[in-house]
Amino acid sequence: MAEVVAAEESSKALKDLFAGAVGGIAQVLIGQPFDIVKVRLQTTSQYTGALDAVTKILANEGALAFYKGTTTPLIGIGACVSVQFGAFNYARRAFEAQNARSRHGADSTLTYGQYYLAGALAGLANTPLSSPIEHVRIRMQTQPHGAGRLYQGPLDCIRKLSRSPSVAMGLYRGTSVTWLREAQAYGCWFLSFEYMMQSDAKRNSITRKEIPTWKIAAYGGLAGEVLWIASYPFDVIKSKMQTDGFGPNQRYKTMRDAFAQTWRQEGAMGFWRGIGPTLLRAMPVSAGTFATVEWTMRLIS
């Protein structure tokens, strides 16, 4: 009996990881054009704004230019989203089993607090992957062009960061605040999505599987807005720490120091710079992620 239960749990876990990976691929394919425009605006002055960048890239390089450098994010983000959904569903099933025992089998439904905790645990499980992946991506996005380039590619960036002066202090710089960001972000992301899905099912007296895809996408998009509004100040500090110099050029000594300097020099608004474009990107990316994961789970279940 125990072997059967273990096999079922393994099967569920593999399905969760697979659906998450597919959702991660969708996330990259939807979000990559936004990222390309963002990187161009960050690293060159030849564009007057986002619309000008889109127009010139399309005219001079063609539509495929919006998907340059997609391979690395596909692998990295695909793995991250796979871990997010795998860890969330594992924690959800653990809470369901705990509730069934404490309620004597009457009801195993999670409380909204438990949904938040399951999402936060998913974020924590994701951090060892997301922290170095995002650090490398940020370094690649913000490095100078041409002869001033610091890194020849992602692998070269990983090698150099790992020696600056070590893996922990270099490649994993900013991980302290990433733990906080990931826990808060994914706790709120999964909680808000589940709240909207369950409210819809209850309001219309239907099962989760009967909720149409367009509604899943809409709820996923709104959950993406919640994710960033709830965690954006942490993300700002993470970006500051992961674009900081090394050795004598290092500006922020610790996460606490980065928070303090930002508050002194920029005030409260310093923690919200760039929130507009982030929220604009979050809606379609999060909508596509949740819709793809739900659709995949329905297909393989």
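The model shown is predicted, which means the values in this text are computed figures rather than measured ones.

Undergrad: Can you help me understand the overall build of the protein in this one?
TA: When helices and strands are tallied, the protein shows 10 helices and zero strands. Secondary structure of the protein in N-to-C order comes out as α-α-α-α-α-α-α-α-α-α. With the principal axes as the frame, the protein shows a C-alpha extent of 65 × 45 × 40 Å. Expressed as a percentage of the 301 residues in the protein, the buried residues total 45%. In the protein, the share of contacts with a sequence separation of at least 24, taken over all contacts with a separation of at least 6, comes to 73%. Averaged over its 32 positive side-chain charges, the protein has a centre that lies 6 Å from the centre of its 21 negative ones.

Undergrad: What should I look at first to understand the pattern of salt bridges in this one?
TA: It is possible for side chains bearing opposite charge to pair when their charged atoms get close. Within the structure shown, the criterion is met by 16 salt bridges. For Lys-238, the salt bridge is made with Glu-134, and the minimal N-O distance between the two is 2.8 Å. Placement of Lys-238 in helix H8 (residues 213–242) and of Glu-134 in helix H4 (residues 112–142) is noted, with a sequence separation of 104 residues between them. For Glu-134, a relative accessible area of 14% corresponds to the buried category. Among the salt bridges present, the one from Asp-156 reaches Lys-160, with a minimum N-O distance of 3.2 Å.

Undergrad: What exactly am I supposed to notice about helix H10 (residues 275–300) here?
TA: Note that an α-helix has 3.6 residues per turn; residues three or four places apart therefore point the same way. The first and last C-alpha atoms of H10 sit 37 Å apart over 26 residues, in line with the 38 Å expected at 1.5 Å per residue. In H10, a bend of some 30 degrees at Ala-282 exceeds every other bend along the element, and Pro-284, a proline, comes one to four places later.

Undergrad: Would you mind going over the side chain of Asn-126 with me for this structure?
TA: Relative to the helices and strands, Asn-126 resides in helix H4. The class of Asn-126 is buried, set by a relative accessible area of 1%. Setting aside anything within four residues of it in sequence, one finds Asn-126 in contact with Cys-80, Val-83, Gln-84, Glu-182 and Tyr-186.

Undergrad: Whenever I open this one, the environment of Gly-78 confuses me. Can you help?
TA: Tracing the sequence through the fold places Gly-78 in helix H3 (residues 71–102). Expressed as a C-alpha distance, the spacing of Gly-78 and Ala-223, which sit 145 residues apart in the sequence, is 19 Å. For Gly-78, the contacting residues outside a window of four places in its chain are Gly-20, Ala-21, Gly-24 and Pro-73.

Undergrad: Explain the side chain of Ser-192 to me, please; I cannot follow it from the model alone.
TA: Residue placement: Ser-192 occurs in helix H7 (residues 175–204). Using a relative accessible area of 12% as the deciding quantity, one classes Ser-192 as buried. Ignoring anything within four residues of it in the chain, the contact list for Ser-192 reads Ala-223 and Val-226.

Undergrad: Where do I start with the UniProt feature "repeat: Solcar" (unreviewed entry) in the protein in this structure?
TA: Mapped onto this numbering, the UniProt entry annotates "repeat: Solcar" (unreviewed entry) at residues 11–94, 110–199 and 212–299. Its end C-alpha atoms 14 Å apart, residues 212–299 is made of 76% helix and 0% strand.

Undergrad: How do you make sense of helix H2 (residues 50–61) when you look at a structure like this?
TA: End to end, H2 covers 16 Å across 12 residues, agreeing with the expected 16 Å (1.5 Å per residue, within 8%). Following H2 by one or two positions, Gly-62 adopts a phi angle in the positive range, close to 90 degrees.

Undergrad: Can you walk me through the nonpolar core in this structure?
TA: Taken as a class, soluble globular proteins show a tendency for nonpolar side chains to be buried jointly. Among the nonpolar cores identified, the biggest contains 34 residues, and Phe-85, Trp-189, Phe-190, Phe-193 and Phe-290 are the most heavily contacted of them. Residue assignment for this core shows that the elements contributing at least two residues are helix H1 (2–43), H3, H4, H7, H8 and H10. Ranked by residue count, the leading element in this core is H7, at eight residues. Excluding residues that lie within four positions of it along the chain, Trp-189 makes contacts with Gln-84, Phe-85, Gly-220, Ala-223, Gly-224, Leu-227, Ser-286, Thr-289 and Phe-290.

Undergrad: What is the right way to read the packing of H8 against helix H9 (residues 255–266) from this model?
TA: The relative placement of two packed helices comes down to the angle between their axes together with the axis-to-axis distance. At a closest axis distance of 10 Å, the pairing of H8 and H9 adopts a crossing angle of 105 degrees. Relative to H9, the element H8 is oriented roughly perpendicular. Of the residues in H9, those touching H8 at Pro-233, Phe-234, Ile-237, Lys-240 and Met-241 are Met-255, Ala-258, Phe-259, Thr-262 and Glu-266.

What counts, and at which threshold
- Residues numbered from 1 in each chain as written.
- Predicted model: local features only at pLDDT ≥ 70, side-chain atom pairs only at ≥ 80, totals over all residues.
- Heavy atoms only, no water.
- Helix = DSSP H or I, 4+ residues; strand = E, 2+ residues; numbered from the N terminus.
- Buried < 20%, exposed > 50% of the residue type's maximum accessible area, 1.4 Å probe, protein only.
- Contact = heavy atoms within 4.5 Å.
- Lys, Arg positive; Asp, Glu negative; His and termini not counted.
- Charge placed at Lys NZ, Arg CZ, Asp CG, Glu CD.
- Salt bridge = Lys/Arg side-chain N within 4 Å of Asp/Glu carboxyl O.
- Expected span 1.5 Å × (residues − 1).
- Bend = angle between axes of the 7 residues up to and from the residue.
- UniProt positions renumbered as here; feature names shortened; annotations may be inferred.
- Core = buried A, V, L, I, M, F, W, Y, C linked by side-chain atoms within 4.5 Å.
- Axes fitted to C-alpha atoms, helices over the stretch in contact; angles between N-to-C directions.
- Parallel < 35°, antiparallel > 145°, perpendicular 65-115°, else oblique.

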